[in-house]
Number of protein chains: 4
Amino acid sequence: MGELIRLALLGAGRIGRVHAVNLARHLPGAVLDCIADVDLAAAQRLAAELGVACVCADPLEALSRPEVDGVVICTSTDTHVPLVVAAAERGKHVFCEKPLALDLRGTDEALAAVARAGVKLQVGFNRRFDSGFARARELVRSGQLGRVRLVRITSRDPQPPPLHYVLASGGIFRDMTIHDFDMARFVAGQETESVFASGACLVSQEVAQAGDVDTAVVLLRFESGAMAVIDNCRHAAYGYDQRLEVFGDKGAVVVDNARSNPASLWDEAGLHQDRPPFFFLERYAQAYRDEMEAFVRCIRHDEEPPVTGADARAALVLALAAARSLQEERPVRVAEVAMG
Amino acid sequence: MGELIRLALLGAGRIGRVHAVNLARHLPGAVLDCIADVDLAAAQRLAAELGVACVCADPLEALSRPEVDGVVICTSTDTHVPLVVAAAERGKHVFCEKPLALDLRGTDEALAAVARAGVKLQVGFNRRFDSGFARARELVRSGQLGRVRLVRITSRDPQPPPLHYVLASGGIFRDMTIHDFDMARFVAGQETESVFASGACLVSQEVAQAGDVDTAVVLLRFESGAMAVIDNCRHAAYGYDQRLEVFGDKGAVVVDNARSNPASLWDEAGLHQDRPPFFFLERYAQAYRDEMEAFVRCIRHDEEPPVTGADARAALVLALAAARSLQEERPVRVAEVAMG
Amino acid sequence: MGELIRLALLGAGRIGRVHAVNLARHLPGAVLDCIADVDLAAAQRLAAELGVACVCADPLEALSRPEVDGVVICTSTDTHVPLVVAAAERGKHVFCEKPLALDLRGTDEALAAVARAGVKLQVGFNRRFDSGFARARELVRSGQLGRVRLVRITSRDPQPPPLHYVLASGGIFRDMTIHDFDMARFVAGQETESVFASGACLVSQEVAQAGDVDTAVVLLRFESGAMAVIDNCRHAAYGYDQRLEVFGDKGAVVVDNARSNPASLWDEAGLHQDRPPFFFLERYAQAYRDEMEAFVRCIRHDEEPPVTGADARAALVLALAAARSLQEERPVRVAEVAMG
Amino acid sequence: MGELIRLALLGAGRIGRVHAVNLARHLPGAVLDCIADVDLAAAQRLAAELGVACVCADPLEALSRPEVDGVVICTSTDTHVPLVVAAAERGKHVFCEKPLALDLRGTDEALAAVARAGVKLQVGFNRRFDSGFARARELVRSGQLGRVRLVRITSRDPQPPPLHYVLASGGIFRDMTIHDFDMARFVAGQETESVFASGACLVSQEVAQAGDVDTAVVLLRFESGAMAVIDNCRHAAYGYDQRLEVFGDKGAVVVDNARSNPASLWDEAGLHQDRPPFFFLERYAQAYRDEMEAFVRCIRHDEEPPVTGADARAALVLALAAARSLQEERPVRVAEVAMG
């Protein structure tokens, strides 16, 4: 297995806990060296649970530990860029949750720091590691679907986030659709030429007051003429809806929702299955494990991460284009926003 | 069952044959009285097969038979309007294949003649009668899905039509998407405010030379803020792809493709099902029967047809808006094209 | 198409009506010449509906019409043998509903008459014509499944028949399982060596008083060592359950229930489909049409029917063996009962 | 979480490794204290991988460690009874892999020792913890299916074991069907009155020389008159086939195979899914974790284990009855073999 890779976790919140547990328990080649959180008690609780000795409130303290090979950044979005820069300057490899930043300036600053330092940067587009979506990508890459004609992505949440979350999220495109922009690029293996977005507030009027939408359809046009359609909603009564289709000239791949269990009840009212796994923690448990394993492997074998800073930038560009399209009610060429 | 309804068939081609067989064999309350086709031999062959005594080359001759209650118009699109007008003027009820006309002027002329005569006009949007799509409509109408948020329609053909067909078809939106425009209105029970269309020639470059596209995505925005996304392709390697989803605040309905048979083969290479029913004649066999039955029932009971001339006009308006949107690369408000 | 085949229907009850409608409306090459029923009014109603001119109360009268090529026997089971014999003696081809007879003596009498006369006899094992089961047979025959190891057949009715029907039915094995015995032979393409049956009255105690069971499992052992398991129940709350699996050394075929429609409702309570088609008239509509078409084709082209009198006898032998096994609580060798 | 539960692993083979990894990494409340294996190198490798300090060749040494609360017995079947007895005598709680013993005498000896010592005994019927099968049990227990009428269990392996394994296995009923006997009792919540078994060598003739079968169907009759049918095969070309159906008077539950991933490929040859998860390690990964968690929880909270020694005995009785039934070609009453 080779030498252990030592990682520091910055941010002991919900997603931080997922990565910490995976590192501490499921990735034998990695060591969770240190947990930092401004809420020191939260860091301490998680560290105690996982048997991690080093805890601190200041992320820079964690970043300065010489034994640390890399960091996993799970703090609030506004701190991502300075922490990526600080980590890179200390020669630490970086895994950063999505979105890397809400603007291109910050994104480019982070990418530049990473490039200067020669460290690795992997961004948290975990869905690429989902077994179903990975299989779809493989079928495209292998040529079994032929030339891609259309990608269809459905992403709907089982319940809307609280209003304060929406207000701080940067809007649906940078918060939620960002995963789908990355997925579209990932499975199609193509770059986007223009974006058209349409949206509405059909779940909550509060969201409208925040200038955002909760239901959206985004149409991407790839440079080849192929297209992608993404539909999002902040609420779905029947649960977390995460589906994908890729349609090519030789065939299509259809990725259904995962099932909570393989049992069906048949009775007088019909045939019934349970709703899909509740939310992202359940649906993407395997994907979170595999993305962290990929990060550790990249450090160990000095390889390019499977999701790079350039991928983060490209998804952000699409989100910015979508926001402008929604605002101006017209298709927006990626070139209009890509320069920052 | 009451008195028999006597119908004349105009046009003994492929779809004419479907309606003729249904009328002659599967609808005990109807009588196929007469078959007219400019290709008299074709009319004679079909008449012989079905035991129909009256055959003629001139549709006006069929329309003038006093015993005929109604006509089923399956001739080429350019003859639809004059034949609807001629039938209405003779007091005959009219079933007309889609599209009623390729322009609003012709459509309005036909609608005016029908209104003046007080006869019934049913248009051939057969998919409304498909058991799966009808169930979807029922779930929306009953309120089980709550307020509609999104309609998703997939319609892809197993193989592209010959080029000469494409050239005469009026373009993909008036020829193929027209069914989906009607379906979107039907299941959502809402009217459209604006249309955005994107398209490409990914199947054949010949189509591009004809100024048409063979792959398209159309986004409709309903007056409520809800949306519909339609995707079309003139070719799908895995067969005729006819699916629908309607997503509301209380739930969703998902209509899968029909299966050719309920058998699956499980072997070393995986689990396999046969492709779906080949094309519209197979997939919509039940729907064609039911739409003709509905037409006969409307005449018998003097009821409003389930698909009216107004529905034909509304779908055409959406097709025209889509064509303009594709041309001008911008969302087009329905009001821009609805006046004709 | 060649000359028309003229058929007489004997018995205008429920299943007689199905065959009559198929002959009169859906099989252009056949003519329903005459309908006979001791309940003359029933025969008259059906004849009027289908435009059949000849009606009689006495089946022998129908059998004596010189223009009749064959008969479709849908009368009560106890009349099958004398009618088959009478038809054969008059040189008429015979389609007879299952069971041909409740005992081997009657069966052999009918087979002998048919053999003497050189007419064709097809027996109403309609399920062989179901698209799913036919596909299963084809996969076995083609060798794609390899050597058969196990056949599993599920057959459950949506609701139990009235007690008087059960009393006259000859017991579950000759009435209900008879279809499954035929299916096992059909898909496996093998003959049975021994039978073990187990049963219970779990639906109704009245059935027990009649000496019958309403829930049964039957295990067949083929001569090759391969096996078949059949399970039956006179009641299933979720509807008509008709499934089949064949498992071979290269793979398996799994035939699911048909769907009433391809729509699923997804809501807070889960994912829901409608129950399968109600009962045999709905589920096997296509199979009934195709078996009658096969009968007509056999007459026209002078071919061996796809389901013969020998098939009827073989299924009856299995039913008799199952009944003895249930009675004596031991596996029964087919040779013990096959001689009659 | 309370005090940590310290466990010793006896047997570092394939299944031992599964439990060891679950204890060491996935069950925070448990500590894997010691690993014993007669192949000391194997124990050392596993201990090194999991960071376990104590390793020994002699299981009695592990059993004698005062800090150990319980043992997980994964050694060869012939050692199960003496190790259970030795563990019980030392006051250690016991998890023992299935089968507890190949005969009733050994089973009863183990149960008596456990009873005398007042320790807990959980047996490795892991499938009870599978999410699909557990859901089936819950639907029966809740009354949603009504009174059980039939249980159907399919269990087929993707590939046959080596001949030497078969020879030492005690035969298919005690080795393979033993899981299904337990599942039938578990989901039905009923005891069996009689057993009828049929079997053949359809995979390999070598197995016949060993006096065993590789393909079997077993029919259980419960005391209520309800039945269960189990079918087994040592080989299935399409992969590990693990399905269950329970049919009651109010409805049924159907547990399908798990899917390797939720992607389907649609192409010219049809619609394709990947084969199910390869074998028990993959299919039952979650079940293995949950059964070990249940064992730890029972120790911590001093509760009755969910799978007891009495369950192991009952399944063995059914296996013995099945073997006698196959031998004597007759249904065997459980009372005939239950006394040992």
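Worth saying up front: this structure is predicted, and the values here are computed from it rather than measured.

### With respect to the pattern of salt bridges
Summed over all chains, the structure comprises 108 salt bridges over all chains. Note that Arg152 of chain C and Glu245 of chain C form a salt bridge whose closest N and O atoms lie 3.3 Å from each other. Of this pair, Arg152 of chain C sits in strand E7 (residues 148-156) while Glu245 of chain C sits in strand E11 (residues 241-248); the two residues are 93 residues apart in sequence, bridging distant segments of the chain. Each of the two residues, Arg152 of chain C as well as Glu245 of chain C, counts as buried. We note a salt bridge from Asp302 of chain D to Lys120 of chain D, for which the minimum N-O separation is 2.8 Å. One end of the pair, Asp302 of chain D, is in the loop between helix H12 (285-301) and helix H13 (309-328); the other, Lys120 of chain D, is in the loop between helix H5 (104-117) and strand E6 (121-123), with 182 residues separating them in the sequence. Judged by its relative accessible area of 62%, Asp302 of chain D is exposed. Judged by its relative accessible area of 10%, Lys120 of chain D falls in the buried class. Via salt bridges that share partners, Arg152 and Glu245 of chain A together with Arg156, Asp231, Asp241 and Arg243 of chain B belong to a single interconnected network.

### Examining the interface of chain B and chain A
Every contact between the two is made by 39 residues of chain B and, on the other side, 38 residues of chain A. Regarding the contact of chain B and chain A, the summed buried area is about 3100 Å², with carbon and sulfur atoms giving 60% of it. Taken as a group, Arg149, Arg152 and Leu202 of chain B account for 21% of the area that chain B buries against chain A, more than any other trio of residues on that side. At the junction of chain B with chain A, the criterion picks out four salt bridges. One salt bridge connects Glu245 of chain A with Arg243 of chain B, and the closest N-O pair in it is separated by 2.8 Å.

### Quick look at the sheet that holds strand E3 (residues 54-56) of chain D
All names here are of chain D. As summarised here, the arrangement of the six strands in space is E3-E2-E1-E4-E5-E6, forming an open sheet in which the pairing is parallel. The strands lining the two open edges of the sheet, one partner per strand, are E3 and E6. Here the strands of the sheet are splayed against their neighbours by 20° on average, with no regard to which way each runs. Taken together, the three bridges between strand E2 (residues 30-36) and E3 define a ladder with parallel strand orientation. Within E3, the position partnered with Cys34 by the bridge is Cys54.

### Remarks on the confidence of the model for chain A
The predicted coordinates ought not to be read in detail in places where the model reports low pLDDT. Averaged over chain A, the pLDDT score is 96; the fraction of residues at 70 or greater is 99%. For this predicted complex, the interface confidence score (ipTM) comes to 0.95, while the overall pTM stands at 0.96.

### Comments concerning the sheet that holds strand E3 (residues 54-56) of chain C
Within a sheet, each strand pairs with its neighbour through backbone hydrogen bonds, oriented either parallel or antiparallel. All names here are of chain C. The sheet built from six strands is open, its strands ordered E3-E2-E1-E4-E5-E6 with parallel pairing. Because the sheet does not close on itself, it has two edges, and the strands there are E3 and strand E6 (121-123). Pairs of neighbouring strands in the sheet enclose a mean axial angle of 20°, with direction left out of account. One ladder, built from four bridges, connects strand E1 (residues 5-10) with strand E4 (residues 70-73); its direction is parallel. The residue of E4 that forms the bridge with Leu10 is Ile73. Where helix H1 (residues 14-26) meets the sheet, it contacts E1, strand E2 (30-36), E4 and strand E5 (93-96), and its direction lies at approximately 160° from that of E1.

### Thoughts on the relation of the copies chain B and chain D
Mapping chain B onto chain D calls for a screw motion: a turn of 180° about the axis and a shift of 0.0 Å along it, with 0.0 Å RMSD after fitting. Taken together, the rotation and translation relating the two chain copies correspond to the operation of a two-fold axis. Using C-alpha coordinates, one finds that chain B approaches the rotation axis most closely at His272 of chain B, a distance of 2.3 Å. Mapped onto chain D, 100% of the interface residues of chain B are again interface residues, and the two copies thus contact each other with one and the same surface.

### With respect to the relation of the copies chain B and chain A
With an axial shift of 0.0 Å and an RMSD of 0.0 Å, the rotation relating chain B to chain A amounts to 180°. Residue by residue, 97% of the interface of chain B is reproduced at the interface of chain A, so both copies engage with the same surface.

### Examining the packing of H5 of chain D against H13 of chain D
Residues and elements named next belong to chain D. One can describe the packing of H5 onto H13 by two numbers: an axis separation of 10 Å at closest approach and a directional angle of 175°. Overall, the two elements H5 and H13 adopt an arrangement that is roughly antiparallel. Seen from H5, the contacting residues are Leu104, Thr107, Asp108 and Leu111; seen from H13, they are Gly309, Ala310, Arg313, Leu316, Val317 and Leu320. A class-by-class count of the residues in the contact of H5 with H13 yields six nonpolar, two polar and two charged.

### Examining the interface of chain B and chain D
Between chain B and chain D, the residue contacts involve 16 residues of the former and 16 residues of the latter. When the area that chain B buries against chain D is broken down by residue, the three leading residues are Tyr238, Trp266 and Leu271 of chain B, summing to 44%. At the boundary of chain B with chain D, the tally comes to zero salt bridges. On inspection of chain B and its partner chain D, the count reaches five residue pairs in polar contact (both at pLDDT 80 or more). Taken together, the residues of the side of chain B that touches chain D sort by class into six nonpolar, four polar and six charged. Where strand E14 (residues 270-273) of chain B and strand E14 (residues 270-273) of chain D come together, three bridges link them in antiparallel fashion.

### Notes on the nonpolar core
Residues and elements named next belong to chain C. One finds Val151, Phe181 and Leu244 to be the most contacted residues of the largest nonpolar core, which totals 111 residues. For this core, the element with the highest residue contribution is helix H13 (residues 309-328), accounting for eight residues. Apart from residues no more than four positions distant in its own chain, Phe181 is found in contact with Phe173, Val218, Leu220, Ile230, Ala315, Leu318, Ala319 and Ala322.

### Observations regarding H13 of chain D
Residues lying three or four places apart along an α-helix face the same way, a consequence of the helix completing one turn every 3.6 residues. Residue and element names in this part refer to chain D. Helix length check: H13, at 20 residues, gives a terminal C-alpha distance of 28 Å against a target of 28 Å (1.5 Å per residue), a fit within 8%. N-cap assignment for H13: the residue whose side-chain oxygen lies 3.2 Å from the backbone N of Ala310 is Thr308. Looking one or two residues past H13, Glu329 carries a phi angle of roughly 55°, positive in sign.

The rules behind these values
- Residues numbered from 1 in each chain as written.
- Chains lettered and ligands numbered in written order.
- Predicted model: local features only at pLDDT ≥ 70, side-chain atom pairs only at ≥ 80, totals over all residues.
- Heavy atoms only, no water.
- Salt bridge = Lys/Arg side-chain N within 4 Å of Asp/Glu carboxyl O.
- Helix = DSSP H or I, 4+ residues; strand = E, 2+ residues; numbered from the N terminus.
- Buried < 20%, exposed > 50% of the residue type's maximum accessible area, 1.4 Å probe, protein only.
- Contact = heavy atoms within 4.5 Å.
- Buried area = accessible area lost by both parts, 1.4 Å probe.
- Pairing = 2+ DSSP bridges.
- Axes fitted to C-alpha atoms, helices over the stretch in contact; angles between N-to-C directions.
- pLDDT = per-residue confidence, 0-100.
- Least-squares fit on C-alpha atoms with pLDDT ≥ 70 in both.
- Parallel < 35°, antiparallel > 145°, perpendicular 65-115°, else oblique.
- Nonpolar A, V, L, I, M, F, W, Y, C, P; charged D, E, K, R; others polar.
- Polar contact = N/O pair within 3.5 Å; in protein donor to acceptor, adjacent residues only side chain to side chain.
- Core = buried A, V, L, I, M, F, W, Y, C linked by side-chain atoms within 4.5 Å.
- Expected span 1.5 Å × (residues − 1).

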